[in-house]
Amino acid sequence: MTSTLSDYSKLCVHTFTTKPWNLKQCVEYYSRAGIQAITIWRNVLENIELKDAKAILDDYGMITVSIARGGFFPSTEEKLRLEAIDDNKLAIDQAAAVGAPSLVLVCGADGRQSLETSRDQIKEAIIKLLPHAKASGVKLAIEPLHPMYAGDRSAINTLAQANDMAEEINSDYVGIAVDVYHLWWDPNLEQEIKRCGRNGNLLAFHVCDWNVPTIDFLNDRGLMGDGCINIPRIRGWVEDAGFTGFNEVEVFSTKYWATDQKDYLELIKNAYLKYT
Ligand code: ZN
C-alpha cells in the first residue's frame, strides 16, 4: 500500500547530492532545513579528522544512516583485489568512527573477466570482510547497480542477484540497499523486494529519478518527479516488506550541482513530499 509522506522525519540526504558542500556545510544546512539524517560519501571525510566529523554530526544531532561507499572488489589482478580489501576495512573503520551502522557497497566489476568470476570475487571479498564488519558493528549493504554499469562498476545488476548473494552469505552483517534508479525497470522488482524483506536483508532505500532522456550515465540523475520512476509505488513495496528506515535522497546531477545548493535543498524537500 502506498501512503503519502507528510513530514521530513524519514528524509535522509546523501552528501553527494549537495556535492559542492563540505561535511560541515551539509550538516549545518540540512539541519537548518529540518532534515535530521545524513548519508556520508567518503570524499567529505578526506580533509577532516574522523573525531571532528563525529563532533559536527553530534553537535547538530544528525543521524548518520550510512557511509558510501565501499566495494570495487573484483579484478583480474590479485594485488588490486587485496588493496580493495584494505580500502574496505578503512571504510568500515570510518563508518564506525562517525557512528554509521552500515557501509554501502558498490561491488565492482572488471571488464577483463566474466561477470560470474567478478561475482565470485565479490562474494569472497565480502566473506573476508565479515569479521572486521562484525567487530566494528557495521553492516555491509550490497547495492545492485543498473546493468549499464555491468562492465565496470558492478557485476550485481538485479535485486535477485543481490538477494542470492546475501542469502548465500547468510550473515546478520550483510544486507542490501535498494535504489530506485538502478532497479525501477525490473519486472520482478515487487517480488524481489518482498523476498529481501522476508529474509531480513532490506537495509537501505535510495531515491532519485530516471531522466528521459538521460544524457549522462553517471551524473544526470533526476530529482524525484523529474523522470519516469513511480517512486511512491516502489516505496510502498519496500514498506510492505517491513522496511521502516530512512528514504535516502541520492541525486548525482551536474545540472543541480551548478545551482544554489540552499535553493536546491528546498526543491529536494518539496520533491520529497510530492513525488516520493
Ligand atoms: Zn544508491
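Keep in mind the model is a prediction, meaning the values are calculated, not measured.

Protein-derived ligands of the zinc ion are E143 (OE), D179 (OD), H206 (ND1) and E250 (OE), with the metal-ligand distances lying across 2.0 to 2.2 Å. Here the zinc ion is ringed by 4 donor atoms whose angles at the metal span 82 to 161 degrees, and the overall shape comes out irregular.

Formed by 82 residues in total, the largest nonpolar core has its most connected members in Y30, I38, I40, I126, I142, I193 and I234. When sequence neighbours within four positions are dropped, the list of residues in contact with I193 reads L159, L202, I234, W237, V238 and A241. Within the second largest apolar cluster, 6 residues are counted, among which are F16, W41, A68 and W257.

As a further point, take the packing of helix 7 (residues 189-198) against helix 8 (residues 231-240). Relative placement of two packed helices is described by the angle separating their axes and the distance separating the axes. Between helix 7 and helix 8, the shortest axis-to-axis distance is 8 Å and the interhelical angle comes to 30 degrees. With respect to helix 8, the element helix 7 is oriented roughly parallel. Helix 8 is crossed by helix 7, and the crossing has right-handed handedness. From helix 7, L189, E190 and I193 reach across to helix 8, where they touch I234, W237 and V238. Considering only residue class, the contact of helix 7 with helix 8 consists of 5 nonpolar, no polar and 1 charged.

So, about the environment of R112. Inspection of the secondary structure assignment puts R112 in the loop between strand 4 (102-106) and helix 4 (115-136). Once the C-alpha coordinates of R112 and D152 are considered, the two residues, 40 residues apart in sequence, prove to be 9.5 Å apart. If sequence neighbours within four positions are ignored, R112 has contacts with S75, T76 and E77. Among the polar contacts made by the side chain of R112, one reaches the side chain of T76 at a distance of 3.2 Å.

Moving on, we get to the sheet that holds strand 10 (residues 247-249). One closed barrel accounts for 8 strands, arranged 1-2-3-4-5-6-7-10; its pairing is parallel. Direction aside, the axes of adjacent strands within the sheet are offset by 30 degrees on average. The pairing of strand 7 (residues 202-207) with strand 10 spans 3 bridges and is classified as parallel. Residue pairing for strand 10: V207 is matched across the bridge by V249. The strands that helix 1 (residues 23-32) touches are strand 1 (11-14) and strand 2 (37-41); relative to strand 2, the one it contacts most, it runs at about 165 degrees. Most of the contacts of helix 3 (residues 78-98) go to strand 3 (residues 63-71), to which it runs at about 175 degrees, and overall it touches strand 2, strand 3, strand 4 and strand 5 (139-142).

Judged by how many residues are buried, strand 6 (residues 174-179) sits mostly within the fold: 6 of 6 residues are covered. Bridging between strand 5 and strand 6 involves 3 bridges; their strand directions are parallel. Paired with L140 across the bridge in strand 6 is V174. Read as a crossover between parallel neighbours, the route from strand 5 over helix 5 (residues 159-169) to strand 6 is right-handed. The sheet contact formed by strand 6 and strand 7 spans 4 bridges and is parallel. Paired with A177 across the bridge in strand 7 is A204.

What counts and how
- Throughout, a residue's number is its position along its own chain's written sequence, starting from 1.
- Local features in this predicted model are restricted to residues of pLDDT 70 or higher, and side-chain atom pairs are both shown and tallied only at a pLDDT of 80 or more, whereas totals for entire chains, interfaces and linings draw on every residue.
- Processing note: side-chain calculations cover all non-hydrogen atoms of the structure and skip hydrogens and water entirely.
- Coordinating N, O and S atoms are those within 2.8 Å of the metal (3.2 Å for Na, K and Ca), and as water is not part of the atoms, a site may appear to have fewer donors than expected.
- When four donors show all angles between 85 and 135 degrees the site is tetrahedral, when four or six donors have opposite pairs over 155 degrees and all other angles between 65 and 115 it is square planar or octahedral respectively, and in every other case it is irregular.
- To define a nonpolar core, start from buried Ala, Val, Leu, Ile, Met, Phe, Trp, Tyr and Cys residues and group those joined through side-chain atoms within 4.5 Å.
- Each residue's exposure class comes from its accessible area (1.4 Å probe, protein chains only) as a fraction of the maximum for that residue type: buried when under 20%, exposed when over 50%, partly exposed otherwise.
- Whether two residues are in contact is decided by their heavy atoms, any of which lying within 4.5 Å being enough.
- Axes here refer to lines fitted to C-alpha atoms; in helices the fit is confined to the stretch in contact. Angles between the N-to-C directions go from 0 to 180 degrees.
- Strands here are runs of E lasting at least two residues and helices are runs of H or I lasting at least four, both read from the DSSP assignment and numbered beginning at the N terminus.
- The scheme is simple: roughly parallel for angles under 35 degrees, roughly antiparallel for over 145, roughly perpendicular for 65 to 115, oblique for anything else.
- With the far helix as reference, a near helix turned anticlockwise by less than a right angle produces a left-handed crossing, and one turned clockwise produces a right-handed crossing.
- The nonpolar class holds Ala, Val, Leu, Ile, Met, Phe, Trp, Tyr, Cys and Pro. Asp, Glu, Lys and Arg form the charged class, and all remaining residues, Gly among them, are polar.
- Two N or O atoms form a polar contact when they lie within 3.5 Å of each other; inside protein one atom must be a possible hydrogen donor and the other a possible acceptor, and for residues adjacent in sequence the pair counts only when both atoms belong to side chains.
- Here the rule is simple: two strands pair whenever DSSP picks up at least two bridges between them.
- Consider the strands pointing away from the viewer: the crossover is right-handed when the path from the first strand over the helix to the second runs clockwise.

On their own, these measurements won't tell you what the molecule is for.
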